[in-house]
Amino acid sequence: MEEEGVNLEWSLPVPSAQELLVNHKTSDEGMRMMKENVRGSFELPYHEKQKSAERPGSLEGYRQAFITSQDQKLERNGMIFLKCLPAFSCKKSRSQRLRKAAVAVVKYIGMALVVHEGELQLMKSFREGSYEVRMNYYPPCPESERVMGLSTHADNSGITMLMECGNLPGLQVLSGDGRWVTFPPVPSSTVVNLGQIREVYSNGTYRAPDHRAVVNKEKERVSIVTCYPSPSLPVGSSPQLLAATGLTPLYQTLSHSEYLQSFYNRKLNDAVPIIKTLKL
Ligand SMILES: O=C(O)CCC(=O)C(=O)O
Ligand SMILES: [Fe+2]
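- Looking up the protein in an unreviewed UniProt entry gives the name Fe2OG dioxygenase domain-containing protein, with the organism given as Eucalyptus grandis.
- UniProt, in the comment section headed Sequence similarities (unreviewed entry), describes the protein in these words: "Belongs to the iron/ascorbate-dependent oxidoreductase family."

Here it is, written out as structure tokens:
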């Protein structure tokens, strides 16, 4: 499939989870350098990393992965989180290519839902909206079966693009029959993950898969995750989809900031996933 110069090759490695692999030709020297730079940032001495540590009131910077409660079991994950504005200056930049791939995925999901050109606002929002980048660093652990790199979650985004740095498996997806399936790293590919905003948008047609990251006994693992939240759009079932299909809306509609606020007010191990709280 070709979309605005982005080549997409689809496959469904885990049949029951809506997770796709996209090959968008990022296996160039620039990508290798980016991965090396990210790895290098995590390998800096502690006091250097603290210079870019998360500041109160901001989620951005270097930090331990999400801590939402005093009693929670900590995840073995160091994280750098950044909010980014779209880079208009260089149309061929990697961030632009990733965004194009994300827009293409959003477009094809719309087509699969029989929602076509009415989606111009949606596409515009994905093309122009700010996005988030998260770099995950999972140190090795000899007792890897006793720790978790990132606990079970469904992404709260619209679409997430995940790049593995190195050839080390770690990402696991919960399959329809309740088994954890390890997602093998595929060189020069990006894993596209549907987030909960898309699940709501599709009125529950597509599921945001539960996934987690496990750690390796001997080797560190690094992943780079880009999330496209389309902040100018409300979070709710697509009005075009409901109009075209006559389906009853399953979810209430929130503004993007209301949705994020209720997401960040939650505890990591809250029994009810956020998406269930939106159900009508
Ligand atoms: O590192 C991984 O493989 C998973 C990362 C992830 O799921 C996330 O950052 O949301
Ligand atoms: Fe995730």
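Moving on from the coordinates now.
**Things to note about the nonpolar core**
Side chains that are nonpolar tend, in soluble globular proteins, to be buried together.
Then comes step 1: Phe 42, Phe 126, Met 135, Ile 159, Met 161, Ile 224 and Tyr 228 are the most contacted members of the largest nonpolar core, which totals 33 residues.
Then comes step 2: Breaking this core down by element, the ones donating at least two residues are helix H1 (29–43), strand E5 (78–84), helix H3 (94–112), helix H4 (120–128), strand E6 (131–138), strand E8 (159–165), strand E11 (190–194) and strand E13 (221–228).
Then comes step 3: Of the residues forming this core, the biggest block, 7 residues, is contributed by H3.
Then comes step 4: Excluding its chain neighbours within four sequence positions, the residues that come into contact with Phe 42 are Lys 49, Tyr 62, Gly 78, Met 79, Ile 80, Met 135, Asn 136 and Tyr 137.

**Remarks on the UniProt feature "domain: Fe2OG dioxygenase" (unreviewed entry) in the protein**
Then comes step 1: The UniProt record marks residues 129–231 with the feature "domain: Fe2OG dioxygenase" (unreviewed entry), using the residue numbering of this structure.
Then comes step 2: Spanning residues 129–231, this segment combines 6% helix with 41% strand, and its end C-alpha atoms are found 6 Å apart.

**Focus: the packing of aromatic side chains**
Then comes step 1: Tallying each qualifying case throughout the model produces 3 aromatic pairs.
Then comes step 2: Ring geometry for Phe 42 and Tyr 62: centres 6.2 Å apart, planes at 55°, overall tilted. Taken together, the positions of Phe 42 in helix H1 and Tyr 62 in strand E4 (residues 61–64) put the pair 20 residues apart, joining distant regions of the chain. Just as Phe 42 is buried, Tyr 62 falls in that class too.
Then comes step 3: With a centroid separation of 5.6 Å and an interplanar angle of 20°, the aromatic rings of Tyr 131 and Tyr 228 are classed as stacked. Remark: Tyr 228 occurs in strand E13 and Tyr 131 occurs in strand E6; sequence separation between them is 97 residues.
Then comes step 4: An aromatic cluster is defined as three or more aromatic residues linked by ring pairs; in this entry it consists of Phe 42, Tyr 62 and Tyr 137.
Then comes step 5: The ring of Tyr 201 carries Arg 198 above its face, with NZ or CZ at 4.0 Å from the centroid.
Then comes step 6: In this arrangement the basic side chain of Arg 212 is found over the ring face of Trp 180, its NZ or CZ atom lying 4.1 Å from the centre.

Reading the values: rules and limits
- Residues numbered from 1 in each chain as written.
- Chains lettered and ligands numbered in written order.
- Predicted model: local features only at pLDDT ≥ 70, side-chain atom pairs only at ≥ 80, totals over all residues.
- Heavy atoms only, no water.
- UniProt positions renumbered as here; feature names shortened; annotations may be inferred.
- Core = buried A, V, L, I, M, F, W, Y, C linked by side-chain atoms within 4.5 Å.
- Buried < 20%, exposed > 50% of the residue type's maximum accessible area, 1.4 Å probe, protein only.
- Helix = DSSP H or I, 4+ residues; strand = E, 2+ residues; numbered from the N terminus.
- Contact = heavy atoms within 4.5 Å.
- Phe/Tyr/Trp six-rings, centres within 6.5 Å; stacked < 30°, edge-to-face > 60°.
- Lys NZ or Arg CZ within 6 Å of the ring centre and 35° of its normal.

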